[in-house]
Amino acid sequence: MVLTEEKLRSLYKKDENMKEISLEKGTILTPSARQFLIDKDIKVVDKIVGKTEEAREFKEIRNEESKPKYKGILGELYVEKPEYMTQIYGNILVKKDDKRIIFRGVIDSFQSRWLVLMKDLEEIKNVKLQKDLESIEKFIKNILVSEVIGEALVDIKVLEKSLDEIRDISHNPKKYFNREHLFGICSKDSYPVIKLNEMRALSRELEIKGVEAFVKENGTIERRDILLALNRLSSAIYIMMLRGVTGEYGNR
């Protein structure tokens, strides 16, 4: 016999003071039915005569299956993971529209587009360009992994520069590239520069999602290291653009 949540709800409507339910040996509870019993604090009583080993084993197995496997951020318990929820860390569940989950999705999408860009620009066969693309890709991956496992970003570099150096270079193109800032990117620029400009713009959107995820309404700031890295990501891509317009990646 299979006991579903629908059947349980039907029984509960008839007796909303239900505190326990008797089940025949061999009864199978669906995951949603188990969760319903937990939510309503309804005790399961076995219709088993005697104390045979088979009876005790059956009871132990079902009790184990009924134990909550997951927790919500408000302390709620779940036997099974609802389809609209996901694990944010360990066995802790949040809804899939949680701001940190949204951030993970956006950085995942950004990384996937960066990989496509790397593949697309392989044909240029410029060693410096490929090296810089790989450096940014590693930087993105470090941010993503750091957020998921909850470990701090330490002494991280990109384009072989510290994050402070990245900021200084991106703010002073005259000093480092003997030219002014790039204010007029257009279709006449090289293909790598145009694509890098697209990714730079997307990195700004990614940074906004980071702010939404880690800056709380009460002013509390979480993961300052990630917020700093996200800010420098767009700066690093901008430096690649400057390298592109000054001919370091070829003339395509």
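A few points on the structure.

### Digging into the nonpolar core
- Counting 41 residues, the largest nonpolar core has Trp 114, Leu 133, Ile 136, Leu 196 and Met 240 as its most contacted members.
- Put simply, the parts of the chain that give this core at least two residues each are α4 (99–120), α5 (127–149), α6 (163–171), α8 (191–214) and α9 (224–245).
- With residues up to four places along the chain from it excluded, the contact list for Leu 133 reads Trp 114, Leu 117, Met 118, Leu 121, Leu 196 and Met 240.
- Membership of the second largest hydrophobic core comes to 11 residues, among which are Leu 8, Tyr 12, Ile 21 and Leu 23.

### As for the packing of α4 against α8
- Direction vectors running N to C along α4 and α8 enclose 170°, while the axes themselves pass 9 Å from each other. Comparing the axis directions of α4 and α8 gives the class roughly antiparallel. Relative to α8, the crossing made by α4 is left-handed.
- Its residues placed into classes, the contact of α4 with α8 shows 14 nonpolar, 2 polar and 8 charged.

### Overview of the packing of aromatic side chains
- The full count for this structure, using the stated rule, is 3 aromatic pairs.
- With centroids separated by 5.8 Å and ring planes inclined at 85°, the aromatic side chains of Tyr 12 and Phe 36 adopt a geometry described as edge-to-face. In this pair, Tyr 12 is assigned in helix α1 (residues 5–14) and Phe 36 in helix α2 (residues 31–39), connecting sequence segments 24 residues apart.
- Note on Phe 36: relative accessible area 4%, which makes it buried.

### Regarding the sheet that holds strand β8 (residues 92–95)
- On the basis of which strands lie adjacent, the open sheet formed by 4 strands has the order β6-β5-β8-β7 and mixed pairing. Two strands bound the open sheet, and with one partner strand each, they are β6 (77–78) and β7 (85–89).
- For strand β5 (residues 70–72) and β8, the ladder comprises 2 bridges, and the chain directions are parallel. Within β8, the residue paired with Lys 71 across the bridge is Ile 92.
- Helix-sheet contacts for α4 involve β7 and β8, and the interaxial angle to β7 is about 85°.

### Let's talk about the environment of Ile 73
- Topologically, Ile 73 is positioned in the loop between β5 and β6.
- Ile 73 sits in the exposed class, given a relative accessible area of 56%.
- In sequence terms Ile 73 and Ile 88 are 15 residues apart; their C-alpha atoms lie 9.5 Å from each other.
- Setting aside residues up to four positions removed in sequence, Ile 73 forms contacts with Ile 92, Leu 93 and Val 94.

### Some details on the pattern of salt bridges
- Tallying each qualifying case throughout the model produces 17 salt bridges.
- Between Lys 69 and Glu 80 there is a salt bridge, with its nearest N and O atoms 3.5 Å apart. Separated by 11 residues along the polypeptide, Lys 69 in the loop between α3 (53–65) and β5 and Glu 80 in the loop between β6 and β7 bring together distant segments of the chain.
- On the accessibility criterion, Lys 69 (44% relative accessible area) is partly exposed.
- The partner of Arg 204 in a salt bridge is Glu 207, with the nearest N and O atoms 3.2 Å apart. With Arg 204 and Glu 207 both in helix α8 and 3 residues apart, this pair spans about one turn of that helix.
- Taking relative accessible area as the criterion, Glu 207 reaches 15% and is therefore assigned buried.

Analysis parameters
- Residues numbered from 1 in each chain as written.
- Predicted model: local features only at pLDDT ≥ 70, side-chain atom pairs only at ≥ 80, totals over all residues.
- Heavy atoms only, no water.
- Core = buried A, V, L, I, M, F, W, Y, C linked by side-chain atoms within 4.5 Å.
- Buried < 20%, exposed > 50% of the residue type's maximum accessible area, 1.4 Å probe, protein only.
- Helix = DSSP H or I, 4+ residues; strand = E, 2+ residues; numbered from the N terminus.
- Contact = heavy atoms within 4.5 Å.
- Axes fitted to C-alpha atoms, helices over the stretch in contact; angles between N-to-C directions.
- Parallel < 35°, antiparallel > 145°, perpendicular 65-115°, else oblique.
- Left-handed = near helix turned anticlockwise from the far one by under 90°.
- Nonpolar A, V, L, I, M, F, W, Y, C, P; charged D, E, K, R; others polar.
- Phe/Tyr/Trp six-rings, centres within 6.5 Å; stacked < 30°, edge-to-face > 60°.
- Pairing = 2+ DSSP bridges.
- Salt bridge = Lys/Arg side-chain N within 4 Å of Asp/Glu carboxyl O.

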